[in-house]
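# Report on the structure
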Amino acid sequence: MAGSTDRRRQEVLQAIVADYIASQEPVGSKSLLERHKLNVSSATIRNDMAVLEAEGLIAQQHASSGRIPTEKGYRQFVDLIHGVKPLSAPERRAILSFLEGGVDLEDVLRRSVQLLAQLTRQAAVVQLPNLQVSRVKHCEVVALSPVRLLLVLITDTGRVEQRNVELDEAVDADAVRRLRDALNGALEGKTLTEASSSLVQLAADAPEDIRHPLVQSATRLIETLVEQPRDRLILAGTSNLTRPGLPSVIEALEEQVTVLKLLASVPDLGSVHVLIGGENEDEDLHEASVVATGYGSEGHTLGGLGVVGPTFMDYSGTISKVSAVARYVSRVLAGE
């Protein structure tokens, strides 16, 4: 008997959370009976609500008002979500075709947050791949003028870093080609730490006739690798947070360090992490919930993406959409 009572109370809690998410209005016993087939009397519902309130899962703002979920109630609701609600076939096709239109990794990720913000009506955020897990794929050398070079460093995660080099002496097309070959010989396939060491050795062994431009180029690249530009974030949809009145959350999102810390702890590929209210370390996010996951290729997580919104967000739908977009980003990166 106790088991069936517990199950019914779980159903009552889920109904209260679902109704509050839909309306942002306190939920009363009468409306619960009208909207949901709970097959019990209003007295039983009121008793269940009193127990849920005593357990800290729902709260009453005023003596005569209905109940609203607490953070603990949202957490139990989220923990009881079994499986991810599948997207419709048109939604899946629209996501994939939009992401496949990206011209490079950064464009794909920019599209992914725009899409997430539209799909969830929350703020969406994605972290560009962490440079520490990258290997150098190629270094392109472009002569902007006889005494000015553009170095374009491309990693296997699709990250692109560009640097200008002002030379002490002019170089011709043949010297530029030899520079490119020498730099790629030292860099390709190496981790960023290995690449720095390799460039130091390359500069020391540079052929005499291209020594100066090679040393200057190597020095500029070493500075780039050692700096390891901090992981950047791409944000979209912060204006969606003005409606529920979350100015402190918007400010926290603009502080990139806060969000990077959140996304740095995303779970393995395929898992979705939900932080509700006070579960967020940063005080400015205590009024918000975060739904985040990782994206990547070949089984490796390259970065995190997710959404930030009010605690009364549609958790089931948001988890589904975050999961789907991350999965499709990973497929596009893998070239599938």
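Summary of the structure given here. Computed from a predicted model, the values in this text were never measured in an experiment.

## A few points about the sheet that holds strand S4 (residues 136–145)
- Across the sheet, which stays open at both edges, the three strands sit in the order S4-S5-S6 with antiparallel pairing between neighbours. Pairing within the sheet leaves two strands with one partner each, and these edge strands are S4 and strand S6 (160–166). Ignoring which end each strand starts from, the neighbouring axes of this sheet average 20° apart.

## Quick look at the environment of Asp181
- Position of Asp181 relative to the elements: it lies in helix H7 (residues 173–187).
- Judged by relative accessible area, Asp181 falls into the partly exposed class, the value being 47%.
- C-alpha separation for the pair Asp181 and Leu202, spaced 21 residues apart in sequence, amounts to 12 Å.

## A word on the packing of aromatic side chains
- Under the criterion given, the structure shown has two aromatic pairs.
- Summarising the aromatic geometry, the rings of Tyr20 and Phe312 are spaced 6.3 Å apart at their centres and angled 90° between planes, so their arrangement reads as edge-to-face. Within this pair, whereas Tyr20 is found in helix H1 (residues 2–23), its partner Phe312 is found in the loop between strand S10 (300–310) and helix H12 (315–333), the two being separated by 292 residues in sequence. The same class applies to Tyr20 as to Phe312, namely buried.
- A centroid spacing of 5.7 Å and a plane angle of 50° characterise the contact between Tyr74 and Tyr315, whose relative ring orientation is tilted. A residue pair is termed long-range when its members are at least 10 positions apart, and Tyr74 in helix H4 (residues 71–79) and Tyr315 in helix H12 qualify at 241 residues.
- Classification of Tyr74 as buried rests on a relative accessible area of 3%.

## With respect to the layout of surface pockets
- Approximately 310 Å³ is the volume attributed to the second largest pocket.
- As for the second largest pocket, its lining consists of 17 residues, and the residues nearest its centre are Thr120, Arg121, Gln122, Arg243 and Asp314.
- Mapped onto the lining of the second largest pocket, the elements with two or more residues apiece are H1, helix H6 (105–120) and H12.
- If you tally residues by element for the lining of the second largest pocket, the top one is H12, at three residues.
- For the lining of the second largest pocket, the class distribution of residues is seven nonpolar, six polar and four charged.
- Each of domain 1 (4–80) and domain 2 (89–130 + 231–334) accounts for three or more of the residues forming the lining of the second largest pocket.

Conventions used here
Residues numbered from 1 in each chain as written. Predicted model: local features only at pLDDT ≥ 70, side-chain atom pairs only at ≥ 80, totals over all residues. Heavy atoms only, no water. Pairing = 2+ DSSP bridges. Helix = DSSP H or I, 4+ residues; strand = E, 2+ residues; numbered from the N terminus. Axes fitted to C-alpha atoms, helices over the stretch in contact; angles between N-to-C directions. Buried < 20%, exposed > 50% of the residue type's maximum accessible area, 1.4 Å probe, protein only. Phe/Tyr/Trp six-rings, centres within 6.5 Å; stacked < 30°, edge-to-face > 60°. 1 Å grid on protein atoms, 1.4 Å probe; cavity = no way out; pocket = protein on both sides within 12 Å on 5 of 7 lines; lining within 4 Å. Points joined across faces, edges and corners; volume = space filled by probe spheres on them. Nonpolar A, V, L, I, M, F, W, Y, C, P; charged D, E, K, R; others polar. Domains from an automatic or database assignment.

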